[in-house]
Amino acid sequence: MNEKEEQQPIEIEVRKWDAHSFTIDGVNEHLEKLLKEQKIIRTLALRHDGKMTRISRDVRLKSRRDINFTPELETTSIDNKPIQGTIFEYEGLD
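Note that the structure is a prediction, hence the values are computed from the model and not measured.

## Things to note about the pairing of strand β3 (residues 21-25)
The buried fraction of β3 is high, at 4 of 5 residues. As judged from the 2 bridges shared by strand β2 (residues 16-17) and β3, these two strands associate in the antiparallel manner. Opposite tryptophan 17, over in β3, you have phenylalanine 22 as the bridge partner. Where β2 folds back on β3, the antiparallel hairpin that results is connected by 3 residues. With 5 bridges connecting them, β3 and strand β6 (residues 83-92) associate as antiparallel partners. Bridged to threonine 23 within β6 is isoleucine 87.

Okay, structure coming up:
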């Protein structure tokens, strides 16, 4: 990754987020690479339902874990489908 690519903001669609982590659907190869290489993300923009929810500057991804959640209730509701995703934890460097 060259310096210009490192400066580009990274926008991620998230399911959930807080001050130190966020959850995405599925897997994001770009985030996996940034975590493995311990690259600094200059601008991390989190979106939920297409709306900007959080912007963090100068962060580094610390860890990841997979989630596989199957709702216990057996219904035909579209809101009750299994969830597969990834939780990323990050830290601010300022």
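Still to come is the rest of the account.
## Quick notes on the packing of aromatic side chains
All told, the structure shown has 2 aromatic pairs when counted by the stated rule. Taking 5.6 Å as the distance between ring centres and 25° as the angle between the ring planes, the aromatic pair formed by phenylalanine 22 and phenylalanine 88 counts as stacked. Of this pair, phenylalanine 22 sits in strand β3 while phenylalanine 88 sits in strand β6; the two residues are 66 residues apart in sequence, bridging distant segments of the chain. Overall, phenylalanine 22 belongs to the buried group, its relative accessible area being 0%. Ring geometry for phenylalanine 22 versus tyrosine 90: centroids 5.9 Å apart, planes at 45°, classification tilted. Note that phenylalanine 22 is positioned in strand β3 and tyrosine 90 in strand β6, a separation of 68 residues in sequence. According to the relative accessible area criterion, tyrosine 90 is buried, its value standing at 3%.

## Let's talk about the sheet that holds β6
Reading across the sheet, the 6 strands line up as β1-β4-β5-β6-β3-β2 and stay open at both edges, with mixed pairing between neighbours. Edge positions in the sheet fall to β1 (10-13) and β2, since each of these pairs with one other strand and no more.

## Some words on the environment of leucine 35
Checked against the element boundaries, leucine 35 lands in helix α2 (residues 29-37). Between the alpha carbons of leucine 35 and arginine 64 there is a distance of 8.3 Å; along the sequence they are 29 residues apart. Leaving out residues up to four positions away in the same chain, leucine 35 has contacts with Leu61, Lys62, Ser63, Arg64 and Phe88.

## Points about the side chain of threonine 86
Tracing the backbone shows threonine 86 in strand β6. Of the residues examined, threonine 86 reaches a relative accessible area of 0% and is grouped as buried. A polar contact is formed between the side chain of threonine 86 and the backbone oxygen of glycine 26, at a distance of 2.7 Å. Aside from chain neighbours lying at most four places away, what touches threonine 86 is Phe22, Thr23, Ile24, Gly26, Val27, Glu32, Arg64, Arg65, Asp66 and Ile67.

Calculation notes
Residues numbered from 1 in each chain as written. Predicted model: local features only at pLDDT ≥ 70, side-chain atom pairs only at ≥ 80, totals over all residues. Heavy atoms only, no water. Buried < 20%, exposed > 50% of the residue type's maximum accessible area, 1.4 Å probe, protein only. Helix = DSSP H or I, 4+ residues; strand = E, 2+ residues; numbered from the N terminus. Pairing = 2+ DSSP bridges. Phe/Tyr/Trp six-rings, centres within 6.5 Å; stacked < 30°, edge-to-face > 60°. Contact = heavy atoms within 4.5 Å. Polar contact = N/O pair within 3.5 Å; in protein donor to acceptor, adjacent residues only side chain to side chain.

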